[in-house]
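Structural description and commentary
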Number of protein chains: 2
Amino acid sequence: MKDRLIFITNDDGFDSLGIKSVIDVAKEFGRVVVIAPETMQSGQSHAITMFSPLSLRCVSKSEGVEIYACNGTPVDCVKMAFDHVLLDQKVDLVISGINHGSNSAINVLYSGTMGAAIEGSFYGCPTIGFSLLDHDENADFTTSKHYCSEIITSVLGGDVDLPMCLNVNIPKGELETIKGVKVCRQCKGFWRERFVCRQDPRGQDYFWLTGEFFNEEPLAEDTDNWALYNNYVSVVPIKVDLTDYSKMSSLQNILHSEK
Amino acid sequence: MKDRLIFITNDDGFDSLGIKSVIDVAKEFGRVVVIAPETMQSGQSHAITMFSPLSLRCVSKSEGVEIYACNGTPVDCVKMAFDHVLLDQKVDLVISGINHGSNSAINVLYSGTMGAAIEGSFYGCPTIGFSLLDHDENADFTTSKHYCSEIITSVLGGDVDLPMCLNVNIPKGELETIKGVKVCRQCKGFWRERFVCRQDPRGQDYFWLTGEFFNEEPLAEDTDNWALYNNYVSVVPIKVDLTDYSKMSSLQNILHSEK
């Protein structure tokens, strides 16, 4: 079991409490290599760094755990791992997180944590993005660690059909308040922003992006947000084909296009 | 027809040739408001700016065309439009592009142009991302303008089932070489990076991200990459539910989860 190689990244930065928590869990399953952002990269989605160079710094090496910091995005960190640092090594599992804050519903699109998890799935191994519904930088990850361990055990021991990318969200609360794990679909919803306008000392306006999430559907029992609201850990299997097959035929009519 | 309001953004910046080309086309269909990035934002995906403030600058106002530059990402520009500048105005169409370079296949995930197009679709109007398969900053957009006009006409005149977000890619070449428009699915493929390593004057390594795209499947006739390779304009309808429904049942078994 200890022959396994587990790669870990996140979007909150290499020294966040969330990534330290999941490193603690993962090192029980194998050798751990971490490449994570130097600085906070929340909201970086699937962004890559094309117009400035990347740097990589060894933070620490101890028995079974190597930690590097990279000045790029979470997706850059994954590419740096598979196409440079771990080139030609077999990686058994990619973990992204544990994120400080929810990545359920449409948040999966904006999330740097989930961008990295999705990118990891392009390299032929199972990937899991973990998020705790608590933004506090000193959040309690005890319950999360329990479920990370349980889900990692299942994925490493299960008959996994690749590509496999999981979006796992964990409610805030004591272990005994959580009812279990539920496989869900992504809840429909969207954000609306309220820009907070301020003025700089020269009288120029500037704006802080701040928003509110709206559910777009009744909170159906098969959605991640229902599961989380009802104290289940939600697990959404993610795919990267964005084609809306249901619209292809009507679109051919609208565009008078070739079939 | 001139009562229509069309919002335009991109990821190459407010003064790129691609956005100027599509503004030329769009102003024939209605009033145009542009909010586009101050600087190149290629590869910014669905990223948002959470930890620094946004600025907005009026670049020009002429008959029927207002252009603003924003220091954020393409998705920030869309949010700035709908939740601030155009708040409570009915927008009839969102256009992102014309991108300098392809956004077919998996590029849709990394693309700032398509990130903005997807974000636009959350605001209840049809959205189209246009890309030309030519990275040259002085690329010839004549053929692209023809197809932009044709597709905008179809979408504005068609019976569109919202949400509607289209990923349109246009081959490089003279108008008469293009065979028509084809509705497609996203081709399967992935990027592998070759990091170019250099040293700074203090002897520290730094890395440029540079990669190569691999098709993951035979170039099937229903894919966007087949269409483009065969000189068709490809149109892929995009959806934002990333749930892989085909894996939900096997995942329940692996995780021994609640049904």
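Everything discussed here concerns the structure shown above.
Described below are features of the structure shown in this document. Starting from 1, residues in each chain are numbered consecutively following that chain's sequence as written. Chains carry letters and ligands carry numbers; both start at the beginning, A for chains and 1 for ligands, and go up in the order they are written. Totals for whole chains, interfaces and linings use all residues, but because this is a predicted model, local features are given only for residues with pLDDT of at least 70 and pairs of side-chain atoms are given and counted only at 80 or more.

**Examining the interface of chain A and chain B**
Two residues qualify as being in contact provided that their C-beta atoms, derived from the backbone, are within 7 Å of each other. Counting residues at the interface gives 67 residues for chain A and 67 residues for chain B. Among the elements of the structure, helix H2 (74-85), helix H3 (107-110), helix H5 (142-157), strand E8 (180-183), strand E9 (189-193), strand E11 (205-208), strand E13 (232-238) and helix H7 (248-255) of chain A are those that each provide at least two residues to the side of chain A that touches chain B. Asp, Glu, Lys and Arg are counted as charged, while Ala, Val, Leu, Ile, Met, Phe, Trp, Tyr, Cys and Pro are counted as nonpolar; the rest, among them Gly, fall into the polar class. Across the side of chain A that touches chain B, the residue classes tally to 36 nonpolar, 18 polar and 13 charged. Only DSSP runs of H or I covering at least 4 residues are called helices, and only runs of E covering at least 2 are called strands; the numbering of each starts at the N terminus.

**With respect to the sheet that holds strand E6 (residues 127-132) of chain B**
Residues and elements named next belong to chain B. Pairing between two strands is assigned when DSSP locates at least 2 bridges connecting them. Taken in spatial order, the nine strands make up an open sheet running E3-E4-E2-E1-E5-E6-E7-E13-E8, and their pairing is mixed. Edge strands, defined here as strands with exactly one partner in the open sheet, are strand E3 (56-62) and strand E8 (180-183). Within the sheet, the average angular offset between the axes of one strand and its neighbour, ignoring direction, is 20°. Two strands pair when backbone bridges link them, and strand E1 (residues 5-9) and strand E2 (residues 31-37) are joined in this way by four bridges, in the parallel orientation. For helices, the fitted axis covers only the stretch in contact; all axes are lines through C-alpha atoms, and the angles between them, taken along N-to-C directions, range from 0 to 180 degrees.

**What to know about the nonpolar core**
A general feature of soluble globular proteins is that nonpolar side chains tend to end up buried together. Of all hydrophobic cores here, the largest spans 154 residues; its most connected members are Val34 of chain A together with Val34 of chain B. Once you skip the residues sitting within four places of it in the chain, valine 34 of chain B turns out to touch Ile8, Thr9, Phe14, Ile19, Ile23, Glu66, Ile67 and Tyr68 of chain B. We define a nonpolar core as a collection of buried residues of the types Ala, Val, Leu, Ile, Met, Phe, Trp, Tyr and Cys that are connected via C-beta atoms lying within 7 Å of each other. Around each residue's C-beta, the other C-beta atoms within 10 Å are counted; 20 or more make the residue buried, 12 or fewer make it exposed, and counts in between make it partly exposed. All C-beta atoms are placed from the backbone.

**A look at the packing of helix H2 (residues 74-85) of chain B against helix H4 (residues 112-120) of chain B**
Axis angle and axis distance: for two packed helices, these are the angle between their axes and the distance between the axes, and together they describe the pair. All names here are of chain B. Across the interface, H2 lies against H4 with an axial gap of 7 Å and an inter-helix angle of 30°. Judged by the angle between their axes, H2 and H4 are roughly parallel. Note on packing geometry: the crossing formed by H2 with H4 is right-handed. Two secondary-structure elements touch here, H2 through Pro74, Val75, Cys77, Val78 and Lys79 and H4 through Gly112, Thr113, Gly115, Ala116, Glu119 and Gly120. Classifying every residue of the contact of H2 with H4 by side-chain character gives five nonpolar, four polar and two charged. Orientation categories follow fixed angle ranges, with anything under 35 degrees roughly parallel, anything over 145 roughly antiparallel, 65 to 115 roughly perpendicular, and all other angles oblique. Put simply, a crossing is left-handed when the front helix is turned counterclockwise from the back one by less than a right angle, and right-handed when it is turned clockwise.

**Focus: the relation of the copies chain A and chain B**
Copy-to-copy alignment: least squares on C-alpha atoms, limited to residues at pLDDT 70 or above in both. Mapping chain A onto chain B is achieved by rotating through 180° and translating by 0.0 Å along the same axis, at an RMSD of 0.0 Å. Such values leave the two copies arranged in the relation of a two-fold axis. A share of 100% of the interface residues of chain A reappears at the interface of chain B, consistent with the copies meeting face to face through the same patch.

**Points about the pairing of strand E7 (residues 165-170) of chain A**
Residue and element names in this part refer to chain A. The buried fraction of E7 is high, at six of six residues. Along E7, one buried face is formed by Cys165, Asn167 and Asn169 and the opposite face, lined by Leu166, Val168 and Ile170, is buried too. The pairing of strand E6 (residues 127-132) with E7 spans six bridges and is classified as parallel. Bridged to isoleucine 128 within E7 is leucine 166. As a crossover connection, the stretch from E6 through H5 into E7 is left-handed. Two strands pair when backbone bridges link them, and E7 and E13 are joined in this way by five bridges, in the antiparallel orientation. Bridged to valine 168 within E13 is valine 235. Orient the strands so they point away from the viewer, and a crossover whose first-strand-to-second-strand path over the helix runs clockwise is right-handed.

**Details of unusual backbone geometry**
Omega for the bond connecting glycine 97 of chain A with isoleucine 98 of chain A falls within 30 degrees of zero, at -5°, which places this linkage in the cis form. With respect to the helices and strands, isoleucine 98 of chain A occurs in strand E5 (residues 93-100). Positive phi outside glycine occurs at asparagine 231 of chain B, with the angle close to 65°. If you trace the backbone, asparagine 231 of chain B turns up in the loop between helix H6 (224-229) and strand E13 (232-238). C-beta crowding within 10 Å serves as the criterion here: with 13 such atoms nearby, asparagine 231 of chain B is assigned to the partly exposed category.

**A closer look at the sheet that holds E5 of chain A**
Residues and elements named next belong to chain A. As summarised here, the arrangement of the nine strands in space is E3-E4-E2-E1-E5-E6-E7-E13-E8, forming an open sheet in which the pairing is mixed. Looking at strand neighbours, the two that pair on one side only are strand E3 (56-62) and E8, the edges of this open sheet. Across this sheet, the average inter-strand angle for adjacent strands is 20°, counted without regard to direction. Two elements, E3 and strand E4 (residues 65-70), share six bridges in a ladder whose sense is antiparallel. The residue of E4 that forms the bridge with cysteine 58 is tyrosine 68.

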